[in-house]
Amino acid sequence: MKKNEEYIATCIDETRMGSGIVKIKDQVVFVPDLLKEEVATIRIVKVKKNYAFGIIKELISKSSFRIQPLCPYKTCGGCQYQHIDYAYQLQMKTKQMKDLFCRQVNENIEVKDTIGCQYPYYYRNKAQFPVQIKDNQIQIGFYRKHSNDIVPCKKCLIQSEDINTIYQFIQNHITLEQAIELRHIFIRTSNEESQIVWIGRNEKPFVSLNEQLLSVFPNLKSIVFNYNQRKDNVILGKDYIVMAGRDFIYESCMNHKIQLHFKSFFQVNPKQMERLYQTAIDCANLNKNQTCIDLYSGTGTIALAISKYVKEVIGVEIVKEAVENANRNKEINHIENCTFICQDATEFAHERKYSDIDVLFVDPPRKGMSEQGIQDIVTLQPEKIIYISCNPESLVRDLNVFSKQGYYCQMIQPVDMFCHTTGIENIAVLKME
């Protein structure tokens with residue numbers, strides 16, 4: 001097999017990253033956007049020792065699950081599944097999770113059907129738009145797949161309508177003088193409020209544009225300038241000033257009012273987030289006699305969601321600002337059985353070991369748990385662990401480590417938080433053997 005050769009092939013399966021799998025002369029070829037049982041003419045674009053990559057030249061036989069994507073900007077690489085019927089997307093994700101966890105963790109593990117989103121468009125509450133100047137023209141949009149080139153776009157079908165409206169206004173009113181100072185434009189929205197964070201070098205040119213935005217969007221409660229002149233792809237810098245309003249907006253979660261700083265983590269699909277957290281609570285089978293830990297608790301959204309079901313919740317977080325934010329959220333919602341502690345997790349674990357902890361909730365970043373983090377949890381000896389993960393691969397790794405420490409995974413519940421993409425959230429229920 002050589003580069004640029006063409007073959008007619010039938011797709012025999014699909015990968016988790018949105019490619020079809022075909023076999024040519026007993027060699028596996030990965031073909032983006034090709035669905036199972038489709039027949040296509042493909043062209044080989046890269047050949048490795050044990051596999052190759054191809055692209056679709058012509059679809060000869062289409063899957064009944066293939067649909068016409070609503071979005072014209074497919075080259076941005078943000079949505080890998082918009083050409084697939086949504087019900088089938090959920091079937092695909094369920095199969096992918098069963099294959100992954102049953103093969104790499106335990107063949108008898110129970111993987112439930114993926115919980116879908118009621119309306120899988122316009123769901124994201126946060127967007128980060130890169131800004132570039134090319135040939136003296138402003139380019140704002142999303143990065144093309146596997147590149148730093150920007151795909152300009154007018155709107156995004158998975159961003160909230162409010163984000164799209166603000167973004168379109170900025171596109172129509174930003175000047176070259178202003179755009180030159182920027183790396184990114186960050187927009188976050190909630191049910192009632194919106195926030196803009198300009199990310200770049202110099203805030204001075206933005207005074208007039210801020211005034212325009214505030215006059216047009218009465219729900220715009222926060223405009224911040226974040227200074228970032230780094231040469232890497234870290235989006236937010238350390239220092240910032242508030243140009244209008246405050247450095248946070250109010251959001252809601254499980255009927256709780258949440259004060260959300262622009263640097264704080266919050267799930268990007270707020271309606272589905274509530275289904276995620278309620279499902280996690282249901283999986284935990286909580287009662288009013290229990291003490292729970294929310295490890296790496298951040299601004300406290302999970303701890304607050306748990307609080308009405310149990311006797312006591314302790315949130316542990318090392319970032320001082322996040323703990324302050326969590327305590328404000330506790331006060332705002334008049335919750336008395338939550339305690340937020342600013343402490344290193346290892347120190348906390350050694351202080352609390354052998355105490356009666358019924359359920360521990362953990363929702364780590366995409367890279368998953370560190371070995372020390374897992375050891376901290378094992379030291380605490382909770383009867384049950386509810387592990388919420390946005391990365392199936394790191395979850396597999398961590399479940400296998402937990403297994404060696406005496407905790408087996410009883411069940412996996414996938415939740416489609418990132419509709420039309422290959423992303424998937426999982427709730428893992430672990431029990432002490």
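Everything discussed here concerns the structure shown above.
All of these numbers come straight from a predicted model, not from anything done at the bench.

Here is what the cut-offs are and how they apply
- Per chain, residue numbering runs from 1 following the sequence as it is written.
- For a predicted model such as this one, the threshold for reporting local features is a pLDDT of at least 70, and the threshold for listing and counting side-chain atom pairs is 80 or more; totals across whole chains, interfaces and linings nevertheless cover every residue.
- Water and hydrogen atoms were dropped before computing side-chain values, which therefore reflect all heavy atoms in the structure.
- A run of H or I in DSSP counts as a helix once it spans at least four residues, and a run of E counts as a strand once it spans at least two, with each numbered from the N terminus.
- Here the globule rule is a power law, 2.2 Å times the number of residues to the power 0.38, and the radius of gyration is based on C-alpha atoms.
- The rule is simple: take the accessible area with a 1.4 Å probe, protein chains only, and divide by the maximum for that residue type; under 20% is buried, over 50% is exposed, in between is partly exposed.
- Contact criterion: two residues are considered in contact whenever any of their non-hydrogen atoms come within 4.5 Å of each other.
- Note on areas: Shrake-Rupley, 1.4 Å probe, and residue coverage restricted to the protein chains presented here.
- Residues scored as charged are limited to Lys and Arg (positive) and Asp and Glu (negative), so that His and the chain ends carry no count.
- In plain terms, the charge of a residue is placed at NZ if it is Lys, CZ if Arg, CG if Asp and CD if Glu.
- For a helix, the expected span equals 1.5 Å multiplied by the number of residues minus one.
- Between any two strands, at least two bridges found by DSSP are needed for them to pair.
- Stacked, tilted and edge-to-face are the three classes assigned to paired rings of Phe, Tyr and Trp, where Trp is represented by its six-membered ring and a pair needs centres within 6.5 Å; plane angles under 30 degrees give stacked, over 60 edge-to-face, the rest tilted.
- A ring is considered to have a charge above it if a Lys NZ or an Arg CZ atom is located within 6 Å of its centre and within 35 degrees of its normal.
- Residues enter a nonpolar core if they are buried and are Ala, Val, Leu, Ile, Met, Phe, Trp, Tyr or Cys, with the set joined through side-chain atoms within 4.5 Å.
- To define axes, lines are fitted to C-alpha atoms, for helices over the stretch in contact only, and angles between the resulting N-to-C directions are given on a 0 to 180 degree scale.
- For classification purposes, an angle smaller than 35 degrees is called roughly parallel, one larger than 145 roughly antiparallel, one from 65 to 115 roughly perpendicular, and anything else oblique.
- Whether a crossing is left-handed or right-handed is set by the direction in which the near helix is turned from the far one by less than a right angle, anticlockwise for left-handed and clockwise for right-handed.
- Residue classes follow a fixed rule: Ala, Val, Leu, Ile, Met, Phe, Trp, Tyr, Cys and Pro count as nonpolar, while Asp, Glu, Lys and Arg count as charged, and any other residue, Gly among them, counts as polar.
- What makes a salt bridge here is a side-chain nitrogen of Lys or Arg within 4 Å of a carboxyl oxygen of Asp or Glu, nothing more.

Trainee: Before we go on, may I ask you to explain the overall build of the protein in this structure?
Mentor: Along its length, the protein carries 10 helices and 23 strands. The globule rule puts the C-alpha radius of gyration for 433 residues at 22 Å, and the 24 Å found for the protein is close to it. Taken along the three principal axes of its C-alpha coordinates, the protein extends 65 × 60 × 35 Å. Here the protein holds 433 residues, and 54% of them are scored as buried. Residue pairs at least 24 apart in sequence account for 61% of intrachain contacts in the protein once pairs closer than 6 positions are excluded. If you sum the accessible surface of the protein, you get close to 20,600 Å²; carbon and sulfur atoms cover 47% of it. Side-chain charges of the protein comprise 53 positive and 51 negative groups, with the mean position of each set lying 6 Å from the other.

Trainee: It is not clear to me how helix α2 (residues 161-173) should be interpreted in this structure. Could you clarify?
Mentor: In an α-helix there are 3.6 residues to a turn, and that puts residues three or four apart on one side. Along its 13 residues, α2 runs 19 Å from first to last C-alpha, staying within 8% of the 18 Å computed at 1.5 Å per residue. All buried positions along α2 are accounted for by I163, N164, I166, Y167, F169 and I170. On its buried face, α2 sits against β8 (126-134), β9 (137-143), β11 (182-189), β12 (194-200) and α4 (207-216).

Trainee: Is there a simple way to think about the sheet that holds strand β6 (residues 51-61) in this case?
Mentor: Hydrogen bonds between backbone atoms are what pair the strands of a sheet, whose relative direction is either parallel or antiparallel. Spatially, the six strands line up as an open sheet ordered β1-β5-β6-β4-β3-β2, and their pairing is mixed. Each end of this open sheet is capped by a strand with a single partner; those strands are β1 (6-10) and β2 (13-14). Bridge analysis of strand β4 (residues 27-32) against β6 gives three bridges, and the strand direction is parallel. Directly across from V28, in β6, lies its bridge partner Y51.

Trainee: Hey, could you run me through the packing of aromatic side chains in this one?
Mentor: Aromatic ring pairs are described here by two measures, namely the spacing of the ring centres and the angle between the planes. Scanning all chains against the criterion turns up 14 aromatic pairs. Between the aromatic rings of F206 and F225, the centroid separation amounts to 5.8 Å while the plane-to-plane angle is 50 degrees, which identifies the pairing as tilted. One end of the pair, F206, is in the loop between β12 and α4; the other, F225, is in strand β13 (residues 220-227), with 19 residues separating them in the sequence. Residue classification places F206 among the buried residues on the basis of a relative accessible area of 0%. Feature note: the residues W198, F206, F225 and Y227 constitute an aromatic cluster, connected by ring pairs. When the ring centre of Y250 is taken as reference, the NZ or CZ atom of K257 above it lies at 4.3 Å.

Trainee: Hey, could you run me through the side chain of S264 in this one?
Mentor: With respect to the element layout, S264 can be found in the loop between β16 (256-261) and α5 (270-284). Classification of S264 by relative accessible area gives buried; the value is 13%.

Trainee: What should I look at first to understand the nonpolar core in this one?
Mentor: Proteins that are soluble and globular tend to have nonpolar side chains buried together. Of all hydrophobic cores here, the largest spans 74 residues; its most connected members are I170, I185, W198, L213, L286, F361 and I386. Considering every element that reaches this core, the biggest residue donor is α5, with seven residues. The contact partners of L286, leaving out residues within four places of it in the chain, are I281, C292, I306, Y309, V310, V359 and F361. Among the nonpolar cores identified, the runner-up in size contains 32 residues, and I109, V316, I377 and I412 belong to it.

Trainee: Can you help me understand the packing of helix α1 (residues 86-104) against helix α10 (residues 392-404) in this one?
Mentor: To characterise two packed helices, one gives the angle between the axes of the helices and the distance between these axes. The interhelical angle for the contact between α1 and α10, taken along N-to-C directions, is 25 degrees, at an axis separation of 10 Å. In terms of axis orientation, α1 runs roughly parallel to α10. The element α1 and its partner α10 pack so that their crossing is right-handed. Residues M97, L100, F101 and Q104 of α1 form the contact with α10, whose participating residues are P392, E393, L395, V396, L399 and N400. When its residues are assigned to classes, the contact of α1 with α10 shows seven nonpolar, two polar and one charged.

Trainee: I would appreciate a short explanation of the packing of helix α8 (residues 345-352) against helix α9 (residues 371-380) in the present structure.
Mentor: Running from N to C, α8 and α9 cross one another at 20 degrees; their axes reach a closest spacing of 8 Å. Of the possible angle classes, the one that applies to α8 and α9 is roughly parallel. Handedness of the crossing formed by α8 with α9: left-handed. For the pair α8 and α9, contact is made by A345, T346, F348, A349, H350 and R352 and by Q372, D376, T379 and L380, respectively. When grouped by side-chain class, the residues that make up the contact of α8 with α9 number four nonpolar, four polar and two charged.

Trainee: I tried to follow the pattern of salt bridges on my own but got confused; where do I start?
Mentor: A side chain with one charge can pair with a side chain of the opposite charge if their charged atoms come near. Within the structure shown, the criterion is met by 10 salt bridges. Residues K93 and D416 are paired through a salt bridge, measuring 2.7 Å at the closest nitrogen-oxygen approach. Taken as a pair, K93 in helix α1 and D416 in the loop between β22 (407-415) and β23 (425-432) lie far apart in primary sequence, 323 residues in all. Comparing K93 with D416 shows no difference in burial state: the two are buried. The structure contains a network of salt bridges with shared partners spanning D13, K95 and D99.

Trainee: What should I look at first to understand the sheet that holds β12 in this one?
Mentor: In spatial order, the strands read β10-β9-β8-β11-β12-β13-β14; together these seven strands make up an open sheet with mixed pairing. Two strands bound the open sheet, and with one partner strand each, they are β10 (150-152) and β14 (240-245). Between one strand and the next, the sheet's axes are offset by a mean angle of 30 degrees, whatever the strand orientation. Here β12 pairs with β13 via seven bridges, running parallel. When the bridges of β13 are listed, V197 appears paired with V224.

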